[in-house]
Amino acid sequence: ATTLNPARRIGTQLDEMLVVHAPELDRGARAARVAETLRDVDLPAGADLLRRFPHQLSGGQQQRVLLALAFVLRPRLIVLDEPTTALDVATQAHVLATIRRLCTAMKRKAAIGSEDTMSETFLILHGWGGNKPEHWQEHLVRGLQAAGHDVRYPKMPNPTAPDRSCRHHRREPA
């Protein structure tokens, strides 16, 4: 849950995700998508939650807000790294059941990096042996290919030569 910005309200963080990555949505469509996604992850879609800061939520609520951030864009594949870390067993089970339910309902796939056996129905990436991106990408891609997906190795961005075709290239370090 440390991914949430402690200085920004929950509603602002969810709305910003759509402003940046789904600019075709107007304010009303964004509000509707946020409300729908919050309900999808078993959180109240009311203004009370949207006005709160992350520290005003329980650990389980913070984790479900992070799931909402992942699902609000409706990606075909969601990669989650240790989504149940530091949660009690009951909350872990709830979070994993929510991921499973949403992936089934939305016809999406989830790849979960975890050493936790509660994630047994998902692709479990463990024993990586290093922090180099090339190493974990290799495991991820091989695991997805072994599951029958047509996956190619993603191109790693070069931090010293930003991709000018990317609409966010001005945000990348030069």
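In this report, we go over the structure that sits alongside the text. Counting starts from 1 at the beginning of each chain's written sequence and moves along it residue by residue. Reporting of local features is limited, given that this is a predicted model, to residues whose pLDDT is at least 70; pairs of side-chain atoms are given and counted only at 80 or more, and all residues count toward the totals for whole chains, interfaces and linings. With hydrogens and water excluded, all non-hydrogen atoms of the structure serve as input to the side-chain values.

Take the overall build of the chain next. Of regular secondary structure, the chain possesses six helices and three strands. To qualify as a helix, a DSSP run of H or I must reach at least 4 residues; to qualify as a strand, a run of E must reach at least 2; elements of each kind are numbered from the N terminus. Counted from the first residue to the last, the chain has its helices and strands arranged as α-α-α-α-β-α-β-β-α. It only takes one pair of heavy atoms within 4.5 Å for two residues to be counted as in contact. A fraction of 53% describes how many contacts in the chain between residues 6 or more apart in sequence connect residues 24 or more apart. In these tables, accessible area is a Shrake-Rupley quantity obtained with a 1.4 Å probe, and a residue counts as shielded only by the protein chains included in the view. Accessible surface for the chain amounts to roughly 10,600 Å². Of this, 53% is attributable to carbon and sulfur atoms.

Okay, helix α4 (residues 59–71) next. Every α-helix carries 3.6 residues per turn, so stepping three or four residues along brings you back to the same face. Between the first and last residue of a helix there are one fewer steps than residues, each counted as 1.5 Å, and that sum is the expected span. Over its 13 residues, α4 extends 18 Å from the first C-alpha to the last, a length consistent with the 18 Å expected when each residue adds 1.5 Å. The buried fraction of α4 amounts to 12 of the 13 residues, a majority that puts the element mostly inside the structure. Burial here depends on accessible area, computed with a 1.4 Å probe over protein chains only, as a share of the maximum for the residue type. Under 20% is buried, over 50% is exposed, and the range in between is partly exposed. All buried positions along α4 are accounted for by G60, Q61, Q62, Q63, R64, V65, L66, L67, A68, L69, A70 and F71. Looking at the buried side of α4, the elements it contacts are α1 (10–21), α2 (27–40), β1 (77–81) and α5 (89–106).

Time to look at the packing of α4 against α5. Only the stretch in contact is used when a helix axis is fitted, and all axes are lines through C-alpha atoms; the angle between N-to-C directions ranges over 0 to 180 degrees. Here α4 crosses α5 at 20°, and the two axes come no closer than 10 Å. Comparing their axes, α5 and α4 come out roughly parallel. The crossing of α4 and α5 is right-handed. Where α4 abuts α5, its residues G60, Q63, R64, L67 and F71 lie against T91, H94, V95, T98, I99, L102, C103 and M106. Ten residues, namely Ala, Val, Leu, Ile, Met, Phe, Trp, Tyr, Cys and Pro, are considered nonpolar, four, namely Asp, Glu, Lys and Arg, are considered charged, and the remaining ones, Gly among them, are considered polar. Considering only residue class, the contact of α4 with α5 consists of seven nonpolar, five polar and one charged. Between 65 and 115 degrees an angle is taken as roughly perpendicular, under 35 as roughly parallel, over 145 as roughly antiparallel, and anywhere else as oblique. Handedness of a crossing is defined here by the sense of rotation of the near helix relative to the far one, left-handed for an anticlockwise turn of less than a right angle and right-handed for a clockwise turn.

This next bit is on the side chain of R74. Here R74 lies in the loop between α4 and β1. Side-chain atoms alone can form a polar contact between residues adjacent in sequence; in general such a contact is a pair of N or O atoms within 3.5 Å, and within protein one must be able to donate a hydrogen while the other accepts it. A polar contact is formed between the side chain of R74 and the side chain of E36, at a distance of 3.3 Å. Not counting the four nearest positions on each side in its chain, R74 is found in contact with R33, E36, T37, D40, M106 and R108.

What follows deals with α1. Along its 12 residues, α1 runs 17 Å from first to last C-alpha, staying within 8% of the 16 Å computed at 1.5 Å per residue. Those residues of α1 that fall on the buried side of the exposure criterion are I10, G11, Q13, L14, L18 and V20.

Attention shifts here to the pattern of salt bridges. A pairing counts as a salt bridge when a side-chain nitrogen of Lys or Arg comes within 4 Å of a carboxyl oxygen of Asp or Glu. For the structure on display, the rule yields five salt bridges. Across the pair R74 and E36 runs a salt bridge, and its minimum N-O distance is 3.3 Å. One end of the pair, R74, is in the loop between α4 and β1; the other, E36, is in helix α2, with 38 residues separating them in the sequence. The class of R74 is buried, set by a relative accessible area of 17%. With a relative accessible area of 37%, E36 lands in the partly exposed category. Notably, a salt bridge pairs D48 with R52, separated by 2.9 Å at the nearest N-O pair.

Packing of α1 against α4 brings their axes to within 9 Å, and their N-to-C directions diverge by 20°. With respect to α4, the axis of α1 lies roughly parallel. Taken as a pair, α1 and α4 cross one another with a handedness that is right-handed. On α4, the residues that touch I10, Q13, L14 and M17 of α1 are V65, A68 and L69. Residues that form the contact of α1 with α4 fall into these classes: six nonpolar, one polar and no charged.

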